[in-house]
Amino acid sequence: MSRNPRIVVWNEFRHERENPVVRRIYPDGIHTAIMNALRRDGFSDVRSATLDEPEHGLPPEVLEETDVLLWWGHRHHDDVSDAVVKRVHDRVLRGMGLVVLHSGHFSKIFKRLMGTACSVNWRADGERERVWVVKPEHPVAEGLGRYFELEQEEMYGEVFEIPEPDELVFLSWFAGGEVFRSGCCYTRGRGRIFYFRPGHETFPTYHDATVQRVIGNAARWVAPHAIAQDPSANIRRDPLEPLHNGRAG
Ligand code: ZN
């Protein structure tokens, strides 16, 4: 399964319909740019889900066939229903991989998994971002050099209110002087989570070949070998050996 995970790219998909600047960069939506990049990277089971679909495109039957979920949201985090957030959360704990992109740092699902405020400093002036690879041996950094640059990005600055990452793969520097932990690895339950910072909607970040490579690497790294059963189906009380109180196995 992990070699060709079943991937869903979730996108809020409202900026692209409401803002002509964003529509020009992503005429078919951010999710389509990311799906096309993943397919070019060799993933063949890739589909999308968006906020305004019924159950945000993530009914139980879809999620039950998802190994890796990517999440891009920005202005409408509060429109995501708590029932869907719980469903995604439960599946991450059972092993589904989650890649949280850019402003998804403030999504309900990321905040729930982190348990912290997840706030950042920010400035959307379109300045240069230099993303340093601080853990070059990590699978998410495969094929990258010492750093890569994006000519125009939104600045996110520390302090990023997250729990200490299990591993930090990227550290960004911005032309205005700030730094930011841009590639953060976590495990929650059986599921792997990767947070990847770049991706402001008014810049062509998801058309960048290096960014696309990172997203593919991240999808491979979070992909589970197997998804566990619902833990409540697993509870056993019968002893393997007879107990001294006479109770039989
Ligand atoms: Zn942004």
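Details of the structure are given in the entry above.
Residues numbered from 1 in each chain as written. Predicted model: local features only at pLDDT ≥ 70, side-chain atom pairs only at ≥ 80, totals over all residues. Heavy atoms only, no water.

Student: For this particular structure, what's the right way to read the pattern of salt bridges?
Tutor: Oppositely charged side chains are able to pair whenever their charged atoms sit close together. Tallying each qualifying case throughout the model produces 20 salt bridges. Glu 178 is paired through a salt bridge with Arg 123; the nearest N and O atoms lie 2.8 Å apart. Of this pair, Glu 178 sits in the loop between strand E7 (167-174) and strand E8 (179-188) while Arg 123 sits in strand E5 (residues 121-133); the two residues are 55 residues apart in sequence, bridging distant segments of the chain. You can call Arg 123 partly exposed: its relative accessible area is 23%. One salt bridge in this structure joins Arg 130 and Glu 149, with 2.5 Å as the shortest N-O distance. Of this pair, Arg 130 sits in strand E5 while Glu 149 sits in strand E6 (residues 147-157); the two residues are 19 residues apart in sequence, bridging distant segments of the chain. In the salt-bridge network here, residues are joined through shared partners; they are Arg 14, Arg 17, Asp 52 and Asp 79. (Salt bridge = Lys/Arg side-chain N within 4 Å of Asp/Glu carboxyl O. Helix = DSSP H or I, 4+ residues; strand = E, 2+ residues; numbered from the N terminus. Buried < 20%, exposed > 50% of the residue type's maximum accessible area, 1.4 Å probe, protein only.)

Student: Which parts of the structure should I look at to understand the layout of surface pockets?
Tutor: Over the atoms rolls a probe the size of a water molecule, and its path tells where empty space is left. For the largest pocket, the calculated volume is near 230 Å³. Together, His 74, Arg 75, His 77, Ser 103, His 105, Phe 106, Ser 119, Val 120, Trp 122, Glu 154 and Tyr 156 line the largest pocket. Taken together, the residues that form the lining of the largest pocket break down as four nonpolar, five polar and two charged. (1 Å grid on protein atoms, 1.4 Å probe; cavity = no way out; pocket = protein on both sides within 12 Å on 5 of 7 lines; lining within 4 Å. Points joined across faces, edges and corners; volume = space filled by probe spheres on them. Nonpolar A, V, L, I, M, F, W, Y, C, P; charged D, E, K, R; others polar.)

Student: Would you mind showing me how to read unusual backbone geometry here?
Tutor: Peptide bonds are trans in most cases, and residues, glycine excluded, mostly fall at negative phi. With an omega of 20°, the peptide bond running from Glu 158 to Val 159 counts as cis. Residues other than glycine seldom take positive phi values, yet His 102 does so here, at roughly 45°. Along the chain, the position of His 102 falls in the loop between strand E4 (97-101) and helix H6 (108-114). Overall, the relative accessible area of 0% leaves His 102 in the buried class. At Cys 118, a position not held by glycine, the phi torsion is positive, near 60°. Looking at where Cys 118 falls in the secondary structure, it is placed in the loop between H6 and E5.

Student: It is not clear to me how the pairing of E4 should be interpreted in this structure. Could you clarify?
Tutor: Remember that side chains alternate between the two faces of the sheet whenever the strand is regular. Across the five residues of E4, five count as buried, placing the element largely inside the fold. Taking every second residue as pointing to the same face, both faces of E4 are buried, with Gly 97, Val 99 and Leu 101 on one and Leu 98 and Val 100 on the other. Relative to E4, strand E3 (residues 68-72) runs parallel, the two sharing five bridges. If you follow Val 68 over to E4, its bridge partner there is Gly 97. Between the parallel elements E3 and E4, the chain passes through helix H5 (residues 82-94) in a crossover that is right-handed. Bridge count between E4 and strand E9 (residues 191-196): four bridges; the pairing is parallel. Opposite Val 99, over in E9, you have Phe 194 as the bridge partner. (Pairing = 2+ DSSP bridges. Right-handed = clockwise from strand over helix to strand, strands pointing away.)

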